[in-house]
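What the coordinates show
Read off the chains here:
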Amino acid sequence: MVKVEVFSSPGCGKCARATAVLKAVAEELGQEKIAWREVNILQEMDYAVDLGVMSSPAIAIDGKLVFASLPSAGKLRAELSRRL
Amino acid sequence: MYTIGKLAQKTDLTTDTLRYYEKEGLLAPARKTDAGYRLYDEDAARRLRFIKQAQQCGFSLGEIGELLTLKNSDAACCKDVRSVAIEKKLQLEHKIRALQRMSQALTELISICTEETRPLDECPILAALENSMAKQANGEGNG
């Protein structure tokens, strides 16, 4: 199971739209293979800092910061496919 | 209207600082006298209070410039400012961690020096710093 964590702040409309597109990519690859979690950066600031998140939105995969800013759907698909 | 000296006095800043802000594009006189002296209005004083407050929250002058641009932009909204603030908080949290690591490193160095009367060439703190620099030069201790 690949763990994907998207760090963003509530109320960020741009993040929500972009995140929805990426979530659909993850779901296409198989919901049973990917655990998708949306992290409220304000509630989990310490965890975000632990992973090295410097700006939001950002994506960590399996507990490591992989995308410091939101990737394109293609880039996320490639990264997840590589790990599955 | 305020002269640069009066405005500096009113905002507890120096005239050099105000000129610097003007050079950085953060402040502009409302107009100049015939003799070329800068004259500022109440809006400039408000702007300077904004700059001071933002600096206290850790924003650099460049970032404050961006905030001022957002403040005057019709297309921007509160969410945009909030994003900037969240990003700044993240940066500050990273800095706090870095400072904590530095402080911890110093605690460790201090703890190895138990005899203050040793000569400098036997100082364990200097030796530890030199050793760690040598290790880094040899590519060790990076993981």
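Described below are features of the structure shown in this document. Residue numbering note: each chain is counted from 1, following its sequence as written. A letter from A marks each chain and a number from 1 marks each ligand, given out in the order of writing. Owing to the predicted nature of the model, reporting of local features is limited to residues with pLDDT of at least 70; listing and counting of side-chain atom pairs is limited to 80 or more, with chain, interface and lining totals taken over all residues.

1. Overview of helix 1 (residues 13-29) of chain A
Residue pairs spaced three or four apart in an α-helix point in one direction, given the helix's 3.6 residues per turn. Residues and elements named next belong to chain A. The following threshold applies: Helix and strand labels come from DSSP, where a helix needs a run of H or I of at least four residues and a strand needs a run of E of at least two; each type is numbered from the N terminus. Residue count minus one, scaled by 1.5 Å, sets the expected span of a helix. Buried residues are those with 20 or more other C-beta atoms within 10 Å of their own C-beta, exposed residues have 12 or fewer, and partly exposed residues lie in between; C-beta atoms are placed from the backbone. Within this analysis, the arc is defined by the directions that extend from the helix axis to the C-beta atoms. A pair of residues counts as a contact when their C-beta atoms, built from backbone coordinates, are within 7 Å of each other.
Taking 1.5 Å of rise per residue, 17 residues should cover 24 Å, and helix 1 covers 25 Å from first to last C-alpha, within 8% of that figure. Those residues of helix 1 that sit buried are Cys-15, Leu-22 and Ala-26. End-on view of helix 1: buried residues confined to an arc of 55°, all on one side of the axis. Exposed residues pointing more than 90 degrees away from the buried face of helix 1 are listed as Gly-13, Arg-17, Ala-20, Val-21, Ala-24, Glu-27 and Glu-28. Lining the buried residues of helix 1 we find strand 1 (2-8), strand 2 (34-40) and helix 3 (73-83). Following helix 1 by one or two positions, Gly-30 has its phi on the positive side, about 125°.

2. Quick look at the interface of chain A and chain B
Let me state the cut-off plainly: Note on residue classes: Ala, Val, Leu, Ile, Met, Phe, Trp, Tyr, Cys and Pro are nonpolar, Asp, Glu, Lys and Arg are charged, and everything else, Gly too, is polar.
Each partner contributes residues to the interface: chain A has 13 residues there, and chain B has 10 residues. Considering every element that reaches the side of chain A that touches chain B, the biggest residue donor is helix 2 (residues 45-51) of chain A, with 3 residues. Classifying every residue of the side of chain A that touches chain B gives 8 nonpolar, 5 polar and no charged.

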